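# Summary of the model geometry
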Amino acid sequence: MKPFISVNNVSYQLQNKEILKDVNFKANCYEWISIIGDNGSGKTTFCKIMMGILKPTKGEIYIDGEPLTEMALFEIGQKIGYLFQNVGHQIFAPSVEEELAFAMRFKEIDEIVISKKIEEMINRFKLQNARHIAPYFLSQGEKQRLAIATILLNNPKFLILDEPTTGLDYERKNELGKLLCQIKNEGIGIIMVSHDIEFVKQYSNRIFQIKDGRVIGEE
Amino acid sequence: MKSSVDPRIKIFIALCLSTSGVLFTRVDKLLVILIIGVIYGLCFNVQYFSVYKRIRRYLQLFIVIIIIQSIFNHDGQAVLTINGFALLTDEGIIRGISYLFRIYIIVLSGAILTTSNMRDILQAFIQLKLPYDIAFMVAIGIKFMPLLVEEIQNIFTSIQLRGIDINMLSIKKRIEIVSYLFMPVIMNTLVRAKKLAISVDARGFRAYNKRTSLRQLRIKHIDEVVFFVTIVVFSGCIYF
């Protein structure tokens, strides 16, 4: 089967420091891949390169068979959803409802369809009590659920999550794990960067480790 | 020269440059000030390429403003006329170019200050008898600028990753998108400022009236020479 994400010999250099060195990586839909590593090992950089936010200094990346260099950010966003390490950077509308409607309104989708989809997402991600609240006042768990909901409205085939368990207690982590499992069962692949080894082992199909910019192991 | 010139002298030069840039109206004088600024920049080892990279994204905006300045100025000879209406005049173009020079002079003034480290600039403000609270606020403000820029970039990226092709949007919708950028940035800045205020209070900021510094800046001969040259140069600019 052709991999959905294919990373071939990718290196990334910043101010003469090599952050990633000859990384090779393949990811298929229907699997949950976790990337672990120390602080500053290059995990977030790797995610940003796969999303086209950073340009690799060497190597090629293919998304669904298409070279990443030929895709604009808005096109990448329709294939892969990205949850930022600081989730506050991706929610910006004055209320939860408007946050969910944001992209659809700019794409001039019919208001009836928008309302239906908002309702669906609010129920699915348990945001009923927060629908009129400004996203800044939500808890970390609610913010993450809202961000994932906005990503899923784009119908991506893959999710890249940068440290999604940070700031979540045990119960919220379990809720997030179950939610992501549901998403994976719908055929959406997941790449997750995390320090939380317990969480990673519980849910992942494959685990990679990045050390000093190199992928040094896979379990 | 970069490390040897006292930050107070650099502040003085930046002040002279930016004040001249704002006060002078003649395009030839502004050009002279710009050239002087470039020479100072070269002496202080300003990284012109990194300055260019930072302001590159605003170049289009500058050009639009220059054109607008030219269009709304009807003095002078018409250069471009549409249906009898003088769209561009030579005076308008000169005013637009003056505006561009002014922007570059102000950017250069800021770039000269960045050639000293932040601690030295803060110390310079303190020794110039600026109240420590204000000097500290200025230093913190400058320190947090890159974080603000990163935040704006992330929000802008996340908007595009939601499948919105900004290039295809109408101007009205683009302005609407920009309005979405401000709210989280202001909100996060306020939250960060509040946390920082609690943190500095907890660490005894302003606990005592008198504050001492281990490192003191001292004026050297080269500083005196640079100071004297600056006074001569800018006095000459005012006189001529």
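In the block above lies the structure referred to throughout.
Residues numbered from 1 in each chain as written. Chains lettered and ligands numbered in written order. Predicted model: local features only at pLDDT ≥ 70, side-chain atom pairs only at ≥ 80, totals over all residues. Heavy atoms only, no water.

## Notes on the overall build of chain B
- Check the secondary structure of chain B and you find nine helices and two strands.
- Scanning chain B from its N terminus toward the C terminus, one meets helices and strands in the order α-α-α-α-β-β-α-α-α-α-α.
- Since a compact globule built from 240 residues should have a radius of gyration of about 18 Å, the 22 Å found for chain B marks it as more spread out than a globular shape.
- Across its three principal directions, the C-alpha atoms of chain B cover 70 × 55 × 30 Å.
- Considering chain B as a whole, with its 240 residues, one finds that 35% of them fall into the buried category. (Helix = DSSP H or I, 4+ residues; strand = E, 2+ residues; numbered from the N terminus. Rg over C-alpha atoms; globule rule 2.2 N^0.38 Å. Buried < 20%, exposed > 50% of the residue type's maximum accessible area, 1.4 Å probe, protein only.)

## Some points on the packing of helix α3 (residues 96-106) of chain A against helix α5 (residues 140-152) of chain A
All names here are of chain A.
- Across the interface, α3 lies against α5 with an axial gap of 9 Å and an inter-helix angle of 25°. One finds that α3 runs roughly parallel with respect to α5. By crossing handedness, the relation of α3 to α5 is classed as right-handed. Counting all contacts with α3, which are made through Val96, Glu99 and Leu100, the residues of α5 involved are Leu146, Ala149 and Thr150.
- A per-class count over the contact of α3 with α5 returns four nonpolar, one polar and one charged. (Axes fitted to C-alpha atoms, helices over the stretch in contact; angles between N-to-C directions. Parallel < 35°, antiparallel > 145°, perpendicular 65-115°, else oblique. Left-handed = near helix turned anticlockwise from the far one by under 90°. Contact = heavy atoms within 4.5 Å. Nonpolar A, V, L, I, M, F, W, Y, C, P; charged D, E, K, R; others polar.)

## A look at the nonpolar core
Residue and element names in this part refer to chain A.
- Counting residues in each nonpolar core, the largest one holds 38 residues, and the members touching the most others are Leu100, Phe125, Ile148, Leu152, Leu159, Leu180 and Ile183.
- When contributions to this core are tallied by element, the ones reaching two or more residues are β3 (32-36), α3, α4 (111-124), α5, β7 (158-162), α6 (170-185), β8 (189-193) and α7 (197-203).
- Ranked by the residues each element gives to this core, the list is headed by α5, at six residues.
- The contact partners of Phe125, leaving out residues within four places of it in the chain, are Arg145, Ile148, Ala149, Leu152 and Leu179. (Core = buried A, V, L, I, M, F, W, Y, C linked by side-chain atoms within 4.5 Å.)

## A closer look at the sheet that holds strand β2 (residues 17-27) of chain A
Residue and element names in this part refer to chain A.
- Within the open sheet, the four strands sit side by side as β2-β1-β4-β5. Their pairing is antiparallel. In the strand order of this sheet, the two ends are held by β2 and β5 (66-67), each with one partner.
- Relative to β5, strand β4 (residues 58-63) is paired through two bridges, and the arrangement is antiparallel. Bridge pairing in β5 links Tyr62 to Pro67.
- Taken strand by strand, helix α1 (residues 43-50) contacts β1 (5-14), β2 and β4, and its axis lies near 60° from that of β2. (Pairing = 2+ DSSP bridges.)

## Thoughts on the side chain of B:Ser116
All names here are of chain B.
- Tracing the backbone shows Ser116 in the loop between α5 (90-113) and α6 (118-127).
- A relative accessible area of 11% means that Ser116 is categorised as buried.
- At 3.0 Å, the side chain of Ser116 forms a polar contact with the side chain of Lys10.
- Residues contacting Ser116, with those up to four places away along its chain left out, are Pro7, Lys10 and Ile121. (Polar contact = N/O pair within 3.5 Å; in protein donor to acceptor, adjacent residues only side chain to side chain.)

## Here we look at the pattern of salt bridges
Residue and element names in this part refer to chain A.
- As enumerated under the stated definition, the model contains 21 salt bridges over all chains in all.
- Where Arg131 meets Glu97, a salt bridge forms, and the shortest distance between an N and an O atom there is 2.9 Å. Taken together, the residues span a long stretch of sequence, with Arg131 in the loop between α4 and α5 and Glu97 in helix α3 at a distance of 34 residues.
- By relative accessible area, Arg131 is classed as buried at 17%.
- Judged by its relative accessible area of 22%, Glu97 falls in the partly exposed class.
- For Arg105, the salt bridge identified is with Glu111, shortest N-O distance 3.0 Å.
- For Glu111, a relative accessible area of 41% translates into the label partly exposed.
- Through salt bridges with shared partners, a single ionic network connects Arg145, Asp169, Glu171, Arg172 and Glu175. (Salt bridge = Lys/Arg side-chain N within 4 Å of Asp/Glu carboxyl O.)

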